[in-house]
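Examining the three-dimensional arrangement
Listed below, chain by chain, are the residues.
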Amino acid sequence: MTVVGEVPGIPQAGGAGGPVRLARTAPALLMQPTTLCNLDCTYCYLPDRAVARLMPVEVADAVAVAVREWSRRHPVTVVWHGGEPLAAGQAHLRALMERFGPGGEYPVTHAVQTNATLIDADWCALFTEARMQVGVSIDGPGQANAARVDRGGRASTDKALRGVDMLRRAGIEFGLICVVADPTPDSAVALYRFARETGAASLGVNLAEHKGVNDMAGQQPGQAVVAFWQTLAACWQADPVIRIREFEQAYSYIRAELAGSAHERAARPVNALPMVTFDGELVPMAPDLAGFSSPRHGPFTAGNVLRTPLARLMAEASDVPWVAEALNGVSACRSSCEYFAYCRGGQAANKYFETGRLDATETTYCRTSKISLMEGILRHAEHARR
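This one's a predicted model, so the numbers in the text were calculated from it and none came from an experiment. (Residues numbered from 1 in each chain as written. Predicted model: local features only at pLDDT ≥ 70, side-chain atom pairs only at ≥ 80, totals over all residues. Heavy atoms only, no water.)

**Considerations on the overall build of the protein**
Helices and strands together make up the secondary structure of the protein, namely 13 helices and 13 strands. Its C-alpha atoms give the protein a radius of gyration of 20 Å, within 12% of the compact-globule value 21 Å for 386 residues. Once the C-alpha set of the protein is aligned to its principal axes, its extents read approximately 55 × 45 × 40 Å. When contacts within the protein are restricted to residue pairs at least 6 apart in sequence, those whose partners lie at least 24 apart make up 75%. Accessible surface computed for the protein: about 16,800 Å², of which carbon and sulfur atoms make up 52%. Each charge sign in the protein was given a centre, from 37 positive and 39 negative side chains, and these centres are 2 Å apart. (Helix = DSSP H or I, 4+ residues; strand = E, 2+ residues; numbered from the N terminus. Rg over C-alpha atoms; globule rule 2.2 N^0.38 Å. Contact = heavy atoms within 4.5 Å. Areas by Shrake-Rupley, 256 points an atom, 1.4 Å probe, with all protein chains shown as cover. Lys, Arg positive; Asp, Glu negative; His and termini not counted. Charge placed at Lys NZ, Arg CZ, Asp CG, Glu CD.)

Given below as structure tokens:
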């Protein structure tokens, strides 16, 4: 696995180390207040999104015990992620949030990832009152958002933009997460302009991937993806008012390499991004696997928080067979990838959906969202120096 282009003075990051383990706590934890989504996006990989199953408050109570303990050591953000979280209803979501309290020495904060079509003045009042971080899932202007339709096949763009406008008029900061199905220089320009016009504070870019029932990946040649990232970097440098998630991650890695501390990044435990599903099942890493099962491993879960404390489930998660296989995949990446300190072993869900195994190494996700991204940034830097 290589990146085309060189940055003088940056060594290659990989190398050996001790056993790969999963972190026992997490700065962010995903909660699924409902399985239901009011949209039916053509690329959506989530199972059961047409069924309304609500998270009982008992699940939130069980999770809150561990979160309050974690907050004695570091801040924790509880991210409400569906389905469409707002489809749970404001009263129910508020009841779930209230179980967590303010936290310990460090705060417990809340965030929501929403398609914005249900946002109204009452939701804005709750976001403001709870000081919630708000992320909006929308893919861009015009045809770029055509995949995001409602259950009648109707476009959702106008409703989503009305929700965005409500956020803006209420003074609520929000970020965008956009799925890009056609990564080209023109789409990069249109995407950045769109994010700028909405007033978003941040932008996350997800290139269409093979996940679950969705198989949109691999449709673009590598150089087209590189050109997309290169152009997006140029747009950002020309008007750097929006934080771009992928660039912040890449530049953080580059700074670590230049400072000689990338090996420390590589040696850290694997970041846990746990998700608790509506019924209390814990997916301790790779939350995109929630609701899926493997012929070899069965359901991708490490236990249920209603039966076993979350802290214990996280402490023992590395020994769960499917998690152990995923960590073996991270170890294999560490041994073979010169940019392991940058990508930290890739995404287990992409490995599984692309190869049927969790201990694979390079995937399409690696090539398009990491390798091509870094190459695009370096090409932009080289071009900007001329």
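And the narrative resumes.
**Describing the packing of helix α6 (residues 222–238) against helix α13 (residues 364–385)**
The geometry of α6 relative to α13 is characterised by a closest axis approach of 7 Å and an angle of 55° between their N-to-C directions. Looking at the two axes, α6 sits oblique to α13. Along this stretch, α6 crosses α13, giving a crossing that reads as right-handed. Taken together, the residues of α13 that come into contact with α6 (itself represented by Gly222, Gln223, Val225, Val226, Trp229, Gln230, Ala233, Ala234 and Gln237) are Thr368, Ser369, Ser372, Leu373, Glu375, Gly376, Arg379, His380, His383 and Ala384. Per-class residue counts for the contact of α6 with α13 are seven nonpolar, ten polar and two charged. (Axes fitted to C-alpha atoms, helices over the stretch in contact; angles between N-to-C directions. Parallel < 35°, antiparallel > 145°, perpendicular 65-115°, else oblique. Left-handed = near helix turned anticlockwise from the far one by under 90°. Nonpolar A, V, L, I, M, F, W, Y, C, P; charged D, E, K, R; others polar.)

**What to know about helix α3 (residues 121–129)**
When we look at burial in α3, the residues that qualify are Trp123, Cys124, Leu126 and Phe127. For α3, the angular spread of buried residues about the axis comes to 160°, placing them on one side. More than 90 degrees from the buried face of α3, the exposed residues found are Ala121, Asp122 and Glu129. Contacts from the buried residues of α3 go to α2 (90–98), β3 (108–114), β4 (133–137) and α4 (157–169). By the N-cap criterion, in which a side-chain oxygen at the helix start approaches the backbone nitrogen of a residue two or three places on, α3 is capped by aspartate 120, the distance to aspartate 122 being 3.1 Å. Positive phi shows up at arginine 131, right after α3, with a value of about 50°. (Buried < 20%, exposed > 50% of the residue type's maximum accessible area, 1.4 Å probe, protein only. Arc of directions from axis to C-beta. Polar contact = N/O pair within 3.5 Å; in protein donor to acceptor, adjacent residues only side chain to side chain.)

**Thoughts on the sheet that holds strand β6 (residues 202–207)**
Within the open sheet, the nine strands sit side by side as β9-β6-β5-β4-β3-β2-β1-β10-β11. Their pairing is mixed. At either margin of the open sheet sits one strand with a lone partner, and together these are β9 (243–244) and β11 (282–283). With six bridges joining them, strand β5 (residues 174–180) and β6 adopt parallel strand pairing. The residue bridging valine 179 from the neighbouring strand is asparagine 206, located in β6. The strands touched by helix α5 (residues 185–198) within the sheet are β5, β6 and β9, with β5 carrying the most contacts at an inclination of about 160°. (Pairing = 2+ DSSP bridges.)

**A closer look at the pattern of salt bridges**
Side-chain pairs of opposite charge can arise whenever the charged atoms involved come near each other. Considering all chains together, one arrives at 19 salt bridges under this definition. Residues arginine 154 and aspartate 150 are paired through a salt bridge, measuring 3.1 Å at the closest nitrogen-oxygen approach. Take arginine 154: its relative accessible area is 53%, and that puts it in the exposed class. For glutamate 246, the salt bridge identified is with arginine 245, shortest N-O distance 2.5 Å. (Salt bridge = Lys/Arg side-chain N within 4 Å of Asp/Glu carboxyl O.)

**Re the environment of isoleucine 371**
Take isoleucine 371: it is sitting in helix α13. Among the residues examined, isoleucine 371 registers a relative accessible area of 10% and is labelled buried.

**Structural notes on helix α7 (residues 245–258)**
Note that an α-helix has 3.6 residues per turn; residues three or four places apart therefore point the same way. Helix length check: α7 (14 residues) gives 20 Å between terminal C-alpha atoms against 20 Å at 1.5 Å per residue, within 8%. Against β6, α6, β9, α8 (262–267), α11 (340–343) and α13 lie the buried residues of α7. Downstream of α7 by one or two residues, glycine 260 has phi in the positive range, about 75°. (Expected span 1.5 Å × (residues − 1).)

**Remarks on the packing of aromatic side chains**
Tallied over the full model, the rule gives eleven aromatic pairs. With a centroid separation of 5.1 Å and 75° between ring planes, the pair formed by phenylalanine 228 and tryptophan 229 is classed as edge-to-face. In this structure phenylalanine 228 comes out as buried when scored by relative accessible area, which is 0%. Residue tryptophan 229 is classed as buried on the basis of its relative accessible area of 0%. A centroid spacing of 6.2 Å and a plane angle of 40° characterise the contact between tryptophan 236 and tyrosine 251, whose relative ring orientation is tilted. Taken together, the residues span a long stretch of sequence, with tryptophan 236 in helix α6 and tyrosine 251 in helix α7 at a distance of 15 residues. Overall, the relative accessible area of 26% leaves tryptophan 236 in the partly exposed class. Grouped by ring-pair contacts, the aromatic residues Phe228, Trp229, Trp236, Phe247 and Tyr251 constitute a single cluster. Its guanidinium or amino end placed over the ring of tyrosine 342, lysine 370 lies 5.0 Å from that ring's centre, counting from NZ or CZ. (Phe/Tyr/Trp six-rings, centres within 6.5 Å; stacked < 30°, edge-to-face > 60°. Lys NZ or Arg CZ within 6 Å of the ring centre and 35° of its normal.)

**What to know about the pairing of strand β1 (residues 28–31)**
Relative to strand β2 (residues 76–80), β1 is paired through four bridges, and the arrangement is parallel. Looking across to β2, one finds that methionine 31 is bridged to tryptophan 80. Where the polypeptide runs from β1 across helix α1 (residues 57–70) and back to β2, its parallel neighbour, the crossover connection is right-handed. With two bridges connecting them, β1 and strand β10 (residues 275–276) associate as parallel partners. (Right-handed = clockwise from strand over helix to strand, strands pointing away.)

**Regarding the packing of α2 against α3**
α3 packs onto α2 with a crossing angle of 10° between their chain directions and a minimal axis gap of 11 Å. The orientation of α2 with respect to α3, classified from their angle, is roughly parallel. Along the contact surface, α2 presents Gln90, Leu93 and Arg94, while α3 presents Asp122, Trp123, Leu126 and Glu129. Among the residues forming the contact of α2 with α3, the class breakdown is three nonpolar, one polar and three charged.

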